[in-house]
Amino acid sequence: MASHRLVNLTGPLGVGKSFLAGRLENATAVDLDRPNALIALRGALADPARRMLVIDSADGQQRLNVLRAVLDDAGGEHPTVVVVSRRPVLAHPDWAYSGAVTVTMGPIRNGELPTRAAGIEDAEGRVLVARLGGGIPLLSDAARRALDSGVSNVSPGAVADQLAEVILDRLGRELPGRRWRHSLRLLATVRCGDEELLPGGPDHFSSLAALSIVNRDTLGLRITEPYRTVLELAYRWRRPEAHDSVRTRARDYRLTLLDRARDAKERADLTDQGLFLTGDPLLRRELFPADEHAVGFHTAVAADADDIGRLMRRWALDSGFDLRRCDRFTERWGADDISAFHLARDRDGRAIGLANLMPIGAHTVDGLEPLLQQHSRTLTAGGLFLGVAHCTETAARAHLLRYVLRQAVQGERLVVSTASPDYQVLVQALGFREHGGIRDDVYSCGRRPEVFTHDFAAADLPGWLSGITHGDGLDTASARPVVPRLAPKELRILLDYASGLTLKAAARRAGVTPNTAKYYLSQVKAKYQAAGRPAYTKIDLALRVREDGLDRL
């Protein structure tokens with residue numbers, strides 16, 4: 001504000017823009033949502049004593065047009081103006097102010113809203129608030145109030161319904177009427193919708209596109225997270241049969257388009273959407289979480305070597321792998337073809353994740369052999385090999401995994417060798433063929449990598465997506481609890497530890513080091529967390545053992 005006459009403070013609905021702008025010292029505020037706001041605005045602009053003016057609620061085409069006209073009338077003779085809006089006003093084709101700047105606020109990341117859930121005593125309630133809030137203070141507070149009012153945390157749909165009312169009420173300031181509300185629920189259910197999936201005609205479609213939480217995407221309109229998840233949960237809670245019918249119709253429509261697609265990139269887009277529409281609970285959690293994260297991808301060049309080395313070592317530490325062995329794989333893969341590394345970068349350009357996707361061919365076979373061993377001869381017939389997929393930020397992990405799958409669809413075949421139990425469960429859920437473990441514990445972690453393959457030939461894609469379980473992971477509390485799949489060593493550590501042994505004693509009985517046992521236990525907790533059934537303490541773990549009948553195995 002010290003160097004610009006017009007500052008646009010922008011960000012998604014409920015992120016806290018007005019809260020921040022309201023704490024600017026010596027600023028006069030005019031809220032365009034208030035009665036007689038236009039008169040107040042003209043008066044504030046004409047007052048020579050005003051040094052700073054905050055114009056709030058500059059949302060919707062009509063308000064932006066009026067605001068632009070008023071500022072044009074004032075010419076350059078006005079105080080420093082801070083315009084608060086959900087979308088950048090400078091993106092409007094008729095806004096062209098020299099010396100203007102945009103400041104963007106995003107969702108609060110990495111669970112940095114602890115005080116907003118401080119009044120919630122049970123852990124499951126706090127998890128639900130974090131899940132539905134998605135880093136948006138408005139939604140986190142609304143979820144907390146819903147729980148305070150007596151709504152049960154075992155009914156996410158009922159909580160989401162109250163949040164949906166808050167969202168729709170706020171959006172009403174952008175678009176008059178109510179006709180668009182049901183269309184927004186349909187769009188939330190299908191994730192990406194064109195005019196075929198969103199009845200109402202071209203003008204109605206354009207009206208939806210103008211809403212601040214809606215963006216244009218490759219396959220149509222898309223609602224940003226976490227608003228999409230909240231609206232879909234609420235719609236399913238209110239009309240479960242209608243929700244299922246909408247999703248089934250969208251899935252069949254996308255599979256029809258996929259069967260006709262001739263372009264590899266188009267097939268990748270439709271496959272991504274088809275995976276969402278299967279409704280499989282594990283795929284929803286791992287690939288389509290209620291958390292938006294801006295991530296860009298590019299193939300590595302020599303200048304990325306330091307980032308690759310750092311991320312690979314982080315991958316090794318997080319996975320319990322031997323660092324020296326990991327370093328040898330990094331050197332070998334980089335020497336074969338550094339462009340086989342694909343880096344994920346956040347909006348600030350920081351490298352936060354990577355995947356190693358090596359084209360399978362004569363020049364890479366030697367580098368693949370240690371991770372395929374006895375399977376090498378039968379599995380080196382083209383396609384891509386995934387050696388590692390790792391992200392330092394949980395919110396961006398889903399984007400990386402979907403990026404890998406998009407590359408696999410375009411490469412028509414993917415071979416995976418992984419020692420991670422989580423990834424083993426995921427590729428099994430995706431219908432990969434399991435070939436078994438290799439002979440050696442190549443990472444010195446107490447687990448041998450398991451090998452999987454899948455063919456992504458164009459003709460096979462519709463049948464493959466149709467074969468993936470059509471379930472619903474949105475409100476698992478009303479259905480049978482999801483029992484995570486545990487590796488044998490994880491199960492043994494869990495049973496011994498939950499029975500009352502110390503972690504050190506459980507490690508000794510399993511024949512592993514205490515650090516390895518600690519890693520196994522962390523994996524168990526992560527799997528229960530992903531299944532929507534958190535287990536933070538030894539008592540929690542013992543309860544999960546009894547609930548799932550693991551003590552009777």
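Cut-off values and rules
- Residues numbered from 1 in each chain as written.
- Predicted model: local features only at pLDDT ≥ 70, side-chain atom pairs only at ≥ 80, totals over all residues.
- Heavy atoms only, no water.
- Helix = DSSP H or I, 4+ residues; strand = E, 2+ residues; numbered from the N terminus.
- Buried < 20%, exposed > 50% of the residue type's maximum accessible area, 1.4 Å probe, protein only.
- Contact = heavy atoms within 4.5 Å.
- Areas by Shrake-Rupley, 256 points an atom, 1.4 Å probe, with all protein chains shown as cover.
- Lys, Arg positive; Asp, Glu negative; His and termini not counted.
- Charge placed at Lys NZ, Arg CZ, Asp CG, Glu CD.
- Pairing = 2+ DSSP bridges.
- Axes fitted to C-alpha atoms, helices over the stretch in contact; angles between N-to-C directions.
- Phe/Tyr/Trp six-rings, centres within 6.5 Å; stacked < 30°, edge-to-face > 60°.
- Lys NZ or Arg CZ within 6 Å of the ring centre and 35° of its normal.
- Parallel < 35°, antiparallel > 145°, perpendicular 65-115°, else oblique.
- Nonpolar A, V, L, I, M, F, W, Y, C, P; charged D, E, K, R; others polar.
- Salt bridge = Lys/Arg side-chain N within 4 Å of Asp/Glu carboxyl O.
- Expected span 1.5 Å × (residues − 1).

Draft legend 1. Structural context of the overall build of the chain. For the chain, the helix and strand inventory stands at 23 helices and 15 strands. Counting all 553 residues of the chain, 52% fall into the buried class. Taking the intrachain contacts of the chain between residues at least 6 apart in sequence as the baseline, contacts between residues at least 24 apart amount to 73%. In the structure as shown, the chain presents an accessible area of about 24,900 Å², 50% of it carried by carbon and sulfur atoms. Mean positive and mean negative side-chain charge positions of the chain (74 and 69 charges, respectively) differ by 4 Å.

Draft legend 2. Spotlight on the sheet that holds strand 4 (residues 80-85). In spatial order, the strands read 2-3-4-1-5; together these five strands make up an open sheet with parallel pairing. Of all strands in the sheet, those bounded by a partner on one side alone are strand 2 (28-31) and strand 5 (100-104). The average angle at which neighbouring strand axes cross in this sheet is 20°, direction not considered. Strand direction decides the pairing type here: strand 1 (residues 6-10) and strand 4, joined by five bridges, are parallel. Bridging across to strand 4, Thr10 finds its partner in Ser85. Strands strand 2, strand 3 (52-56) and strand 4 of the sheet are contacted by helix 2 (residues 37-46), whose axis makes an angle of about 150° with strand 2.

Draft legend 3. Spatial organisation of the packing of aromatic side chains. Under the definition given, this model contains ten aromatic pairs. Geometrically, the ring pair formed by Phe329 and Tyr443 is tilted, given 5.5 Å between the ring centres and 50° between the ring planes. Here Tyr443 lies in the loop between strand 14 (433-437) and strand 15 (450-455) and Phe329 lies in helix 14 (residues 323-337), a separation of 114 residues in the sequence. Each member of the pair, Phe329 together with Tyr443, is buried. Their ring planes at 65° and their centres at 6.0 Å tell us that Phe432 and Phe456 sit as a pair that is edge-to-face. Within this pair, whereas Phe432 is found in the loop between helix 18 (421-429) and strand 14, its partner Phe456 is found in the loop between strand 15 and helix 19 (461-467), the two being separated by 24 residues in sequence. Here Phe456 falls in the buried class, since its relative accessible area comes to 1%. By the ring-pair criterion, three or more aromatic residues cluster together here, those being Trp315, Phe321, Phe329, Trp333 and Tyr443. Between the NZ or CZ atom of Arg191 and the centre of the ring of Phe276, over which it lies, the distance is 5.7 Å.

Draft legend 4. Quick peek at the packing of helix 18 against helix 22 (residues 514-530). The N-to-C vectors of helix 18 and helix 22 enclose an angle of 40°; their axes lie 10 Å apart at closest approach. Here helix 18 lies oblique to helix 22, going by the angle between them. Of the residues in helix 22, those in contact with Pro421, Asp422 and Val425 of helix 18 are Tyr519, Gln523 and Lys527. Residue classes in the contact of helix 18 with helix 22 are distributed as three nonpolar, one polar and two charged.

Draft legend 5. Expanded view of the pattern of salt bridges. Tallied over the full model, the rule gives 40 salt bridges. Between Asp269 and Lys265 there is a salt bridge, and its shortest N-O distance comes to 3.4 Å. Separated by four residues within a single helix, Asp269 and Lys265 lie in helix 11 (residues 264-277), roughly one turn from each other. Asp269 sits in the buried class, given a relative accessible area of 9%. The exposure class of Lys265 is partly exposed, given its relative accessible area of 42%. A salt bridge links Glu286 to Arg397; the shortest N-O distance between them is 2.5 Å. With a gap of 111 residues between them, Glu286 in helix 12 (residues 281-287) and Arg397 in helix 17 (residues 394-411) connect regions that are remote in the sequence. Through salt bridges with shared partners, a single ionic network connects Glu124, Arg533, Arg544, Glu547 and Asp548.

Draft legend 6. Quick peek at helix 10 (residues 240-260). Compared with the 30 Å implied by 1.5 Å per residue over 21 residues, the 31 Å span of helix 10 between its first and last C-alpha is a close match. Where helix 10 is concerned, the buried positions are Ala242, His243, Val246, Arg247, Ala250, Arg251, Arg254, Leu255 and Leu258. Structurally, helix 10 contributes buried residues whose contacts are with helix 7 (179-190), strand 6 (192-193), helix 9 (227-238), helix 11, helix 12 and helix 19.

Draft legend 7. The arrangement of the environment of Val15 in detail. Take Val15: it is sitting in the loop between strand 1 and helix 1 (17-21). Considering only alpha carbons, one finds Val15 and Leu138, 123 residues apart in sequence, at a separation of 6.6 Å.

Draft legend 8. Up close: the sheet that holds strand 6. Ordered in space as 6-8-7, the three strands form an open sheet in which the pairing is antiparallel. Edge positions in the open sheet fall to strand 6 and strand 7 (214-217), since each of these has one partner strand only. Bridge count between strand 7 and strand 8 (residues 220-223): four bridges; the pairing is antiparallel. Bridge pairing links Asp217 to Gly220 in strand 8.

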